[in-house]
Amino acid sequence: MQTVNNVAEPSMTSEGDVSNRTGQQPVISIRDFDFSYGGNQVLFNINLQVPEKEIVAFIGPSGCGKSTLLRSINRMNDLIAGISYCGDVRINDQSIFDPTLDVISLRKKVGMVFQKSNPFPKSIYENVVFGLRIAGRNKREELDAVAEESLKRAALWDEVKDRLDSSAFGLSGGQMQRLCIARAIANEPEIILMDEPCSALDPVATSKIEEMILQLKENYTIVIVTHNMQQASRISDRTAFFYLGELIEYNETHALYSRPREKRTEDYITGRIG
Amino acid sequence: MPIQQKNISVKLDARFSVSTTVKVIDYVMERFIKIGGIGVIAAVSGIFVFIFLEILPLFQWPEVKEIGVVSMPQREYLEMGVDQWGKKPFFLDTESNFHFLTLDTGQITTIPAQLPDSVRVTAYDYSQEGGTLVCGFDDGRFCLFNVEYSERFIDGVRELEPSIKRSEIYRIGRTGHPIESITYADSGDQKIIAVVQDTGARATVSLVRLMQEQTLLGSGAVTIDEEYDLTNQFEGTPVLLLAGTQADALLIATDEGRISYFNIDDEDCELMQVFQPFADLADPAINTLDYLFGGVSIVITAATGENRVFSLFIPANGTSRLFGHTKSFPNFTEPVTNYSPSLRNKAFLLSSDRTLSLRFATNSSIRWEAQLDYNIRDTVISSKYDRLMVLSDDSNLHVYNLHDPHPTSGISAFFSRQWFEGSPFPKFEWQSTGASDDYEPKLSMIPLIIGTLKGTFYAMLFATPLALSAALYTSQFLDRRIRTIVKPTMETMASLPSVVLGFLGALWLAPLIETRLVFIFLLIVLLPVGAILTGYCWSRLPMKIQRGVPAGNEFLVMLGIFVIGFVACWYLAPTVERRFFSVVDPVNGQVVSDFREWWRLTTNTPFEQRNSLIVGFVMGFAVIPIVFSIAEESLSNVPTALSSGALALGASRWQTAVRIVIPTASAGIFSALMMGLGRAVGETMIVLMVTGNTPVLDFNMFTGMRTLSANIAVELPEAPHGGTLYRTLFLGALILFIFTFFINTLAVTLREHLRSRFKTV
């Protein structure tokens, strides 16, 4: 833990490289970010930039802090007592920790899909339009249109169009997760954060969701946390490898997988550490 | 090799077999739990069955069983009476001899009345209550006989020695004219006698008041104090007379079926009312006329067999007590020939030639009726209401055992309006015991049920919004550290003994609130309004200021608002009271600014210090911790995945709480409310001490109530074991049991429904 700054250096360089090479304004830009639960520091000096309409995968062994970082991006960690952080996270060059910023508008801009699907105890339809309803948009035609569009994008429409008013709990695990994605899409966010969205699903459901994620890339910037390195390599444009709270390496996915610059990255993707 | 194999298999067996200890423990515990569960069910059903068996006799009809027939010498008997133990009835024959019959042995003792030879008895009236027989003679004179039984114990067996005491012979009305009808009443300090005399022309009615000097040495001689001639004060031919049992009234019935009611007081004899009980019948003539026990109601029968009860009450627009028709009974097919009242309750015995009917006035029911195989001449109910004696035409005395322990009860007595004596209309009333023996027990369950619902309603009205909002705030918004203080505090509050709460409520809170009602109402209105306004203003403040108060500590701002609101209400209250609640005191014409007076005078309903408002506060205080704890628990148990999901979609904390957390926790919240409701329904000590225990029948906020539970606590010490009241209290317990059973069943059903609807994955 004392070697934080030393090991952070190379990752910073790699991040800088990426940014320079693409030459575009990053949507998410994380700078010198430290994070602690109580007195327990879990993230050390993270610097990372996510370009627009790309899929970035966070990989790393359990407890490496990748989920914490993800949840920091829409400030879901605020709900936990006793947290502290320093550094900055900027979305479209606007700090999310700005005291004048309303966290509600941030979360509307940054949607989130959780590891365990969490449909509300409502109908499928009401689940999808929840975001609109809480925003005070209750016009039936608008809701109908958004529900259909979102479900189609989440590749769920054909499976549920005849039972939109039945309970969301009647769906299978994969369908529920796609419903949660549809729910996030309905809110028209710019960024979608996905926290191991397929970890509880079987391979068929997983592949469906992966297909869907690839389609979503056209419209959204996606950050996905995954344990599944094949998944990361299949769908992501860039991959960030975290280890013990540090960003070890961040590069274009094929580069990271074929020519890892760091020994620890190589050890992890070849299964020697985990 | 085979041996080795065997060894291996044995080893494997041992490894995979379950040890005996585990099996035994498993077996024993399974049985133990089973027995425990069955035991609980058996205990609850046992309680239910026990209560049910206790109340069952209330709904049983009387048993009447003939226990013997005694033949009397063939004579014409005029009157029959019986001692209080029902052992030695006497019979008065036409020769003025008293025959006492010992039922056990059949032996007859005859005591002659020792009247002068010159007189002949032409009219008589026997009141079993006082044991006094008054006889009118053909020469216009009368005398009184007292039938007395002195008891002796011989070898522990009660022996009754009857004796007859005859008074002097007095003169009344027009000397020399025969007395056709006579009536007598004795209230202890006043005695009256009235007679109808045949004077050749129109029959006359005379009334005398007798005086008996009471000295230190005992009762002195009876002298005639004052005499009235009532002949000209009514119309028609008098046929029947009836003196009020308190010697304060005289009823004169004419041949046209008209009854004139005279009120008799120390100075005067005043005609109060003339009424015709059977005006609607073709033949309005009156057949019999006599008082029910207690002297407030009269039972009148018509020649056609109609029988009705008239009672004295103050009519809605009147000022004095008059007779009014209160009850009708099923007709007799033949004219009623005999009427005997019970001396214990409002039962009476009617008989025609062969029909004998035991009826009960309070609930207008026929307790028992039978067709006999002999002609009835006279009947009597023993004063303990345990024996009926019927004298037949052929001088046989039929003795019946009467077992009717609960004549006043019955479905209608408990759940319908009853027209009680002295009341101007039928009503639901609970007043189980009165000062005198002739009191009609009023056992309506309705005021108690209403009282229970009322107490519960006000308690829940106060507790529900407070407890649920507190639970929601604590679980969803409050700072975690403060939450760990609030929850145990509320649980401590739940453990406060209700007797302490009741004591505080009755002796401290009730007098305190009584004079500060306007302040309380201002608080109830202004605090929530102030809180909502503050919330609105707060949301308008810039983000920077809002962020100054850490999340979960916003209540500190509210606390300030509450203190300000409290102080404001305190200083505002007197002004508001002066401005809006001032009335002119009707007694001294001064303007008073007192909410209590204002309420009394403007709504015309009473104001009691121990009222539903106080019950709401104090019982609410007992209910709040229960509702709070369970509701808070279920709100906290809503998976964070759900609330995070909503928050991640940009819902505010309030939107998350209202749209996601509350519906998901609705089953638990509902359970919480039902637990609170169950507590409020069954709560005893608080309502006992705080309500005043008046069994009223309204939902007025400023009157008290009496609940089923408090009623049991209040009345149980007065209820003799096995008596009607005792069993009626059990009926109250059963109703309470059904209430809670119903609430619990409803709660479970709805909870399961909600649970399946809002189940979480």
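Preceding this section is the structure that the text describes.
Residues numbered from 1 in each chain as written. Chains lettered and ligands numbered in written order. Predicted model: local features only at pLDDT ≥ 70, side-chain atom pairs only at ≥ 80, totals over all residues. Heavy atoms only, no water.

Asks: How do you make sense of the overall build of chain B when you look at a structure like this?
Replies: Along its length, chain B carries 17 helices and 32 strands. For chain B, whose C-alpha radius of gyration is 38 Å, the value lies well above the compact-globule estimate of 27 Å for 761 residues. If you line up chain B on its principal axes, its C-alpha atoms span 120 × 105 × 55 Å. By residue count, 47% of the 761 residues in chain B fall in the buried class. The long-range share in chain B, meaning contacts at least 24 apart out of those at least 6 apart in sequence, stands at 56%. Seen as two clouds, the 59 positive and the 75 negative side-chain charges of chain B have centres 20 Å apart. (Helix = DSSP H or I, 4+ residues; strand = E, 2+ residues; numbered from the N terminus. Rg over C-alpha atoms; globule rule 2.2 N^0.38 Å. Buried < 20%, exposed > 50% of the residue type's maximum accessible area, 1.4 Å probe, protein only. Contact = heavy atoms within 4.5 Å. Lys, Arg positive; Asp, Glu negative; His and termini not counted. Charge placed at Lys NZ, Arg CZ, Asp CG, Glu CD.)

Asks: Looking at this structure, I do not really get a negative patch on the surface. What am I missing?
Replies: A cluster of acidic side chains, namely Asp189, Asp265, Asp266, Glu267, Asp268 and Glu270 of chain B, defines a negative patch on the protein surface. Relative to the helices and strands, aspartate 266 of chain B is located in the loop between strand S16 (259-264) and strand S17 (269-275). (Patch = residues over 30% accessible without salt bridge, like charges linked within 9 Å, V, L, I, M, F, W, Y side chains within 5 Å. Areas by Shrake-Rupley, 256 points an atom, 1.4 Å probe, with all protein chains shown as cover. Salt bridge = Lys/Arg side-chain N within 4 Å of Asp/Glu carboxyl O.)

Asks: Would you take a moment to explain the packing of helix H7 (residues 173-186) of chain A against helix H8 (residues 203-216) of chain A for this structure?
Replies: What describes two packed helices is the angle between their axes and the distance between those same axes. All names here are of chain A. Viewed as axis vectors pointing N to C, H7 and H8 meet at an angle of 15°, and their least axial separation amounts to 9 Å. Of the possible angle classes, the one that applies to H7 and H8 is roughly parallel. Where H7 crosses over H8, the two elements pack in a sense that is right-handed. From H7, Gly174, Gln177, Arg178, Ile181 and Ile185 reach across to H8, where they touch Ala205, Lys208, Ile209, Met212 and Leu216. (Axes fitted to C-alpha atoms, helices over the stretch in contact; angles between N-to-C directions. Parallel < 35°, antiparallel > 145°, perpendicular 65-115°, else oblique. Left-handed = near helix turned anticlockwise from the far one by under 90°.)

Asks: Any chance you could explain a nonpolar patch on the surface here in plain terms?
Replies: Residues and elements named next belong to chain B. A cluster of nonpolar side chains, contributed by Leu496, Val499, Val500, Phe503, Leu504, Leu507, Trp508, Leu512 and Phe621, occupies part of the molecular surface with about 770 Å² of accessible area. If you tally residues by element for the nonpolar patch, the top one is helix H6 (residues 498-514), at seven residues. Checked against the element boundaries, leucine 496 lands in the loop between helix H5 (480-494) and H6. According to the relative accessible area criterion, leucine 496 is partly exposed, its value standing at 33%.

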